[in-house]
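Fold and contact review
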Amino acid sequence: MVSARKSAESAGLKAALDYVPRWLGFQLERYRQPGCSVAIAQGEKVVAEIALGVADMRTGKPLTPRHRFRIASHSKSFTASGVMLLREQGKLGLDDPIGRHVGGLHKELAKARIGELLSHGAGVVRDGADGGQFLDRRPFLSRAELRDELSRKQPLAPGLQLKYSNHGYGLLGLMIEEISGTEYPAWITRHVIEAAGLKETVPDMPQLPRSAPLAMGHSGEFPFGQRLIVPGDNVCNAIAPAGGFVSTASDVARFFAQLAPDSKESILAPASRREMMHRRWRDDCNSMEAYYGYGTMMNERGPKEWFGHTGSLQGFISRTARFPASGYTVTVLTNAQDGMAYGWVDGIVSILSAFGRHGAPARRLESWNGRWWSIWGASDLVAMGQVVCQVAPALATPFDAATTEISVTGKDSGVIRKTSAYNSPGQPVRRVHDRKGKPSELWVGGTRLLPKDAMVAEATRRYPKTRPS
């Protein structure tokens, strides 16, 4: 019985993973994105690697799962893990004042506790007096420059509120160096990256092997009229503990899967991982329930609960989320300033959840899978379980909206079983084939849908085109 259930779950996951790149491919085309790299872990095992689009718009070189991306503030989760490891070794306490381990700090900052720095509650300036390092207007701070800025009075006293700070995590990097007697890149590589079994991750650009392919970053199209190449090869120097890491989607997903408190493989004890996931601060100015722990972001408790991190470095946007209820970890890395990684994680989970509820499609329904068009946009028919779902692939979370479910009653006929009352519940669905036996029309209720080329030809005959602006 258990074996049969696992086999059904495996078939459902395979079907979901077949649809994920179809949906993502549409999103890339519809929103004119250069590329994205995706990894999905189930438990601690990576079950999917997906790379779509291009690594460099100048050359059109296809993106692969082996391309490295700047993962930016994901770096904080690695640094926090290193701090928790030192705590497990008895080399520091989270209530220790940071001044006990790092000298030369402003007297008020010296009193801030290590736990407050980990949770962005120490009141430290975000990016210093000149944040141009994140605008490609200046190099990232050296250790000496960071120490100089930390010797000054900080904007807030410790312990007052959530105040995100790259400088604060740079300070944690300095602390790791003082305690270990080793430079941060070497220590974090040995004790965190390599210890976690990661093969495609480095803490900053100087450590990236020449043989490792690096995806180019890109600006947004607006207001430049086209995307500009943003190389993303900056050396982050003393800010590397906050934002310097370079990695692949698979390595990132694997690392965050190991941070789950119930993971059997981790460099940290379960107690340390549980502490990292504790909601220390709430972002009071966010309309959504957003919290920060020790090097981790999370939302509110509930069925859609997640923990993870996001990342933004010029030319790159990324997000990773671990969902305890399902055991999935999803990482999306994008190589554009307006990359849609945040929403795409939720979209992928929407797909995984839908197939988790319905299961793999019955064999008789598989031929219904496909994409259809009208002037209102695209509709995907997605077979799962005993129904065929109609969804809009342009939506960020395609299965979280009012999904239409069709019961198939014949080879080319069905009825709308479940949908919004504003659609066409109870009305028929039918397919029409051309002389070669290829589906050429889809009628859903009273709406006639066509293949893309046929829809474009029909619409451009009917409506005049606008002139380029």
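This section reports on the structure supplied with the text. (Residues numbered from 1 in each chain as written. Predicted model: local features only at pLDDT ≥ 70, side-chain atom pairs only at ≥ 80, totals over all residues. Heavy atoms only, no water.)

By rolling a water-sized probe across the atoms, one finds the places where empty space is left. Throughout the structure, instances matching the rule amount to 2 cavities of 30 Å³ or more. As for the largest cavity, its lining consists of Leu117, His120, Gly121, Ala122, Gly123, Val124, Lys163, Ser165, Gly168 and Tyr169. Classifying every residue of the lining of the largest cavity by side-chain character gives 4 nonpolar, 5 polar and 1 charged. If you go around the second largest cavity, the residues you meet are His106, Glu108, Leu109, Ala122, Arg152, Lys153, Gln154, Leu156, Ala157 and Pro158. (1 Å grid on protein atoms, 1.4 Å probe; cavity = no way out; pocket = protein on both sides within 12 Å on 5 of 7 lines; lining within 4 Å. Points joined across faces, edges and corners; volume = space filled by probe spheres on them. Nonpolar A, V, L, I, M, F, W, Y, C, P; charged D, E, K, R; others polar.)

The next thing to look at is the nonpolar core. One finds Leu118 and Ile348 to be the most contacted residues of the largest nonpolar core, which totals 108 residues. Each residue touching isoleucine 348, except ones within four places of it in the same chain, is listed here: Val20, Trp23, Leu24, Val38, Ile40, Val330 and Val332. Membership of the second largest hydrophobic core comes to 14 residues, among which are Leu381, Val388, Ile416 and Val444. (Core = buried A, V, L, I, M, F, W, Y, C linked by side-chain atoms within 4.5 Å. Buried < 20%, exposed > 50% of the residue type's maximum accessible area, 1.4 Å probe, protein only. Contact = heavy atoms within 4.5 Å.)

Within this structure, the stated rule accounts for 33 salt bridges. Between arginine 282 and glutamate 289 there is a salt bridge whose closest N-O contact spans 2.7 Å. On the basis of relative accessibility, which here comes to 29%, the residue glutamate 289 falls in the partly exposed class. Between aspartate 380 and arginine 371 there is a salt bridge, with its nearest N and O atoms 2.7 Å apart. By relative accessible area, which is 0% here, aspartate 380 ends up buried. With relative accessibility at 28%, the residue arginine 371 sits in the partly exposed group. The structure contains a network of salt bridges with shared partners spanning Glu441, Arg448, Glu458 and Arg462. (Salt bridge = Lys/Arg side-chain N within 4 Å of Asp/Glu carboxyl O.)

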